[in-house]
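Letter by letter, the chains look like this.
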Amino acid sequence: MILAATPAMALLCGRQGLLIYNRGYAEVCGKRHPAILGSSVLAAWPEAAEFNGHVLDVCLGGESLTYHDTPLTLTRNGFPEQTWFDLNYSPLRDEDGNIIAVFAVVSEVTSLHLAQDELHSKQERFSHALSAAGVIGIWDWHFDTDLMFTDARFADFYSVDATRASTGAPRAEFDAHVHPDDRAYVEEETQRVAASGGDLSIEHRLIGRDGSVRWVMVRGTGFPDADGQPARLSGAAVEITNRKKAEEARRLLIRELHHRIKNTFAVIAGMVTMTARSAADVGEMADVLRGRLVALAAAHELIRPAITAEVGHTEQTTLADLFTAILTPHLYSPEQFTLTAPPVEIGVTAATSLALVLHELATNAAKYGALSTSKGRLDVTVRCDETKLELDWIESGGPSVSGPPRHQGFGSRLASMSIVGQLAGSIDFQWKETGLDARLVMSRERLAR
């Protein structure tokens, strides 16, 4: 019976397990056949002697053994080989019921095991390739059953059970997580492709299990049946949430830039008009206007990171940075100026307004006040609470002041418009003999804008 059988079979006879086998087993033996025919299985396969010794002990004792996908390293062709076998061992009895041998059925599954390993490796490489390309996963939609067959990554992204999706889940389960505002569009496009057999190319939002909104780009290719009719659609999906966020951020940035540029031009136009009215001649107008434009430029440089959305910057600058930028050009030495203030952040809109006010104060101090001489001093003290900020500008050591100016110039009007109109505060000037004392009160809410 053994010799007539095609599958590899052998008898391990007696306590030594003398080998008697068929052609199928001979093929398993490789170059060891025919030398091992009739020899002990322990000597025939010394590298597996412990394993075969256990088989003899158990089966000659009356029990059977079964092994599935068992790894064995065998030297059957002159070099060690990693092999895998399905093995069945059972006791063989004589007419009197005595156990005289072990009956072995041997099925080598090495090629199958290697193929499975290769398939697994290819699947891993494919998964890595998809991940590197930003692909969520792959899917296959069958029109006749309306079932979607997907990999685990795609199913998880659409909040569908991965096990069910691998064997086919209704398309409705995937569509249930499409954003309500996008469902009509997605349904229209998928039905159009199902009817025409063309390719699918859509972008839509998904609602995740945690309620988060994510964007996905879906691409698919249609496949016909034997009659040329649309039968299925297969493709992949890529998450594009970050891209959509970046696009929205760019749109907001462009709108904000347009708004800020418009406001800047309005401020410049107003400065040109008012400066022309108050200047005695063209030269004075040029000097005054140049200084005010420089102040605008300094404020713009402080808030530029916010405007250009540079990495690591916020939409605010600090009061100390603003003072440093505006006053540095007017100082003989850094020791002339002291600022006592808590850390206060200034928003981009407030920074422009406050920069113009500080520029007017600094320009007047440099022309007529404490900063017009190297011995003069400027001390600024800031106090604030949750609703307002108070700033005391105190000049000393400069030329003696006889009183307030005879007429209010554009600089004073500009300061008033900025503090009162834009920063919801007040400004008060005290012209003392020792120098100018100015108190500025501003809204904390407006300063943060």
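Everything that follows concerns the structure shown earlier in this document.
Residues numbered from 1 in each chain as written. Predicted model: local features only at pLDDT ≥ 70, side-chain atom pairs only at ≥ 80, totals over all residues. Heavy atoms only, no water.

**Re the overall build of the chain**
Within the chain one finds 14 helices and 18 strands. Sorting the 449 residues of the chain into buried and exposed places 39% on the buried side. (Helix = DSSP H or I, 4+ residues; strand = E, 2+ residues; numbered from the N terminus. Buried < 20%, exposed > 50% of the residue type's maximum accessible area, 1.4 Å probe, protein only.)

**Digging into helix α11 (residues 319–327)**
Along α11, the residues that are buried comprise L319, L322, F323, I326 and L327. Seen from one end, α11 has its buried residues packed into an arc of 105°, which puts them on one side. (Arc of directions from axis to C-beta.)

**A look at the sheet that holds strand β9 (residues 200–207)**
Pairing in this open sheet of 6 strands is antiparallel, and the strands run β8-β7-β6-β11-β10-β9 from one edge to the other. Every interior strand has two partners, whereas the edge strands, β8 (169–170) and β9, have only one. Judged from the 7 bridges that link them, strand β6 (residues 135–142) and strand β11 (residues 230–239) form a sheet pairing that is antiparallel. When the bridges of β11 are listed, V135 appears paired with V238. In the packing of helix α8 (residues 183–196) onto the sheet, the strands contacted are β6, β9 and β11, and the crossing angle to β9 comes to about 150°. (Pairing = 2+ DSSP bridges. Contact = heavy atoms within 4.5 Å. Axes fitted to C-alpha atoms, helices over the stretch in contact; angles between N-to-C directions.)

**Some words on the sheet that holds strand β17 (residues 426–432)**
Read across the open sheet, the 5 strands follow the order β13-β15-β16-β18-β17; overall the sheet is mixed. Each edge of the sheet is formed by a strand with only one pairing partner; in this case those strands are β13 (337–340) and β17. Strand-to-strand twist across the sheet, computed as the mean angle between neighbouring axes with direction ignored, equals 10°. Two elements, β13 and strand β15 (residues 377–384), share 4 bridges in a ladder whose sense is parallel. Looking across to β15, one finds that T338 is bridged to D379. Strands β16 (388–396), β17 and β18 (435–443) of the sheet are contacted by helix α12 (residues 348–367), whose axis makes an angle of about 15° with β16.

**What to know about the side chain of T190**
Mapped onto the fold, T190 is located in helix α8. Those residues in contact with T190 that sit more than four places away from it in its chain are W141, R171 and L200.

**Notes on the pattern of salt bridges**
For the coordinates displayed, the defined rule picks out 22 salt bridges. With its nearest N and O atoms 2.8 Å apart, the salt bridge here joins D175 to R171. A residue pair is termed a helical-turn pair when its members lie 3 or 4 positions apart in one helix, as D175 and R171 do in helix α7 (residues 171–175) at 4 residues. The class of D175 is partly exposed, set by a relative accessible area of 22%. For E247, the salt bridge identified is with K244, shortest N-O distance 3.9 Å. Of this pair, E247 and K244 are both found in helix α9 (residues 241–278), 3 residues apart, which corresponds to roughly one turn of the helix. (Salt bridge = Lys/Arg side-chain N within 4 Å of Asp/Glu carboxyl O.)

**So, helix α3 (residues 49–59)**
Each α-helix turn comprises 3.6 residues. Residues three or four places apart therefore point the same way. What α3 keeps buried is the set F51, N52, G53, V55, L56, V58 and C59. Close packing links the buried residues of α3 with β1 (8–13), α2 (41–44), β3 (65–74), β4 (81–93) and β5 (99–108).

**Observations concerning the pairing of β4**
Remember that side chains alternate between the two faces of the sheet whenever the strand is regular. Bridge analysis of β3 against β4 gives 8 bridges, and the strand direction is antiparallel. The residue bridging T73 from the neighbouring strand is Q82, located in β4. Hairpin remark: β3 followed by β4, antiparallel, with 6 residues in the connecting loop; positive phi at G78, about 95°. If you look at the hairpin formed by β4 and β5, you'll find 5 residues sitting between the two strands, and G97 has a positive phi there, around 90°.

**What to know about unusual backbone geometry**
Put simply, H33 and P34 share a cis peptide bond, and its omega is 10°. Within the element layout of this structure, P34 appears in the loop between α1 (23–29) and α2. Positive phi outside glycine occurs at D69, with the angle close to 50°. The exposure class assigned to D69 is partly exposed, which follows from its relative accessible area of 26%. One non-glycine residue, S159, lies in positive phi territory at about 60°. Overall, the relative accessible area of 12% leaves S159 in the buried class.

**Regarding the pairing of strand β7 (residues 147–150)**
Residues of β7 alternate between two faces, with M148 and T150 buried on one and L147 and F149 left unburied on the opposite face. The turn joining β6 and β7, which pair antiparallel and follow one another in sequence, is formed by 4 residues; a positive phi near 60° is taken by D146.

**Re the environment of R243**
Along the chain, R243 falls in helix α9. Between the alpha carbons of R243 and W215 there is a distance of 8.7 Å; along the sequence they are 28 residues apart.

**Considerations on the side chain of S159**
Within the element layout of this structure, S159 appears in the loop between α5 (152–157) and α6 (162–167). Ignoring anything within four residues of it in the chain, the contact list for S159 reads H177, I207, G208 and R209.

**What about the nonpolar core?**
Counting 33 residues, the largest nonpolar core has F323, L354, L391, W393, L440 and M442 as its most contacted members. At the level of secondary structure, the elements contributing two or more residues to this core comprise α11, α12, β15, β16, α13 (410–422) and β18. It is α12 that contributes the most residues to this core, 9 residues altogether. Apart from the residues within four sequence positions on either side, W393 is in contact with F323, L327, L358, L361, A362, A365, L378, D379, V380, L436, D437 and A438. Counting residues in hydrophobic clusters, the runner-up holds 30 residues, among them L19, A48, L56 and A104. (Core = buried A, V, L, I, M, F, W, Y, C linked by side-chain atoms within 4.5 Å.)

**Looking at the packing of aromatic side chains**
Summed over all chains, the structure comprises 11 aromatic pairs. Measuring from centroid to centroid gives 4.5 Å for F154 and Y158, while their planes differ by 20°, and the two rings are stacked. Comparing F154 with Y158 shows no difference in burial state: the two are buried. Ring centres 5.9 Å apart and planes at 20° place the aromatic pair F323 and F337 in the stacked group. Residue F323 is located in helix α11, and its partner F337 is located in strand β13; the two are separated by 14 residues in the primary sequence. A residue is classified by how much of its surface remains accessible, and F337, at 16% relative accessible area, is buried. Through a chain of ring-to-ring contacts, three or more aromatic side chains come together here, namely F154, F157, Y158 and F174. (Phe/Tyr/Trp six-rings, centres within 6.5 Å; stacked < 30°, edge-to-face > 60°.)

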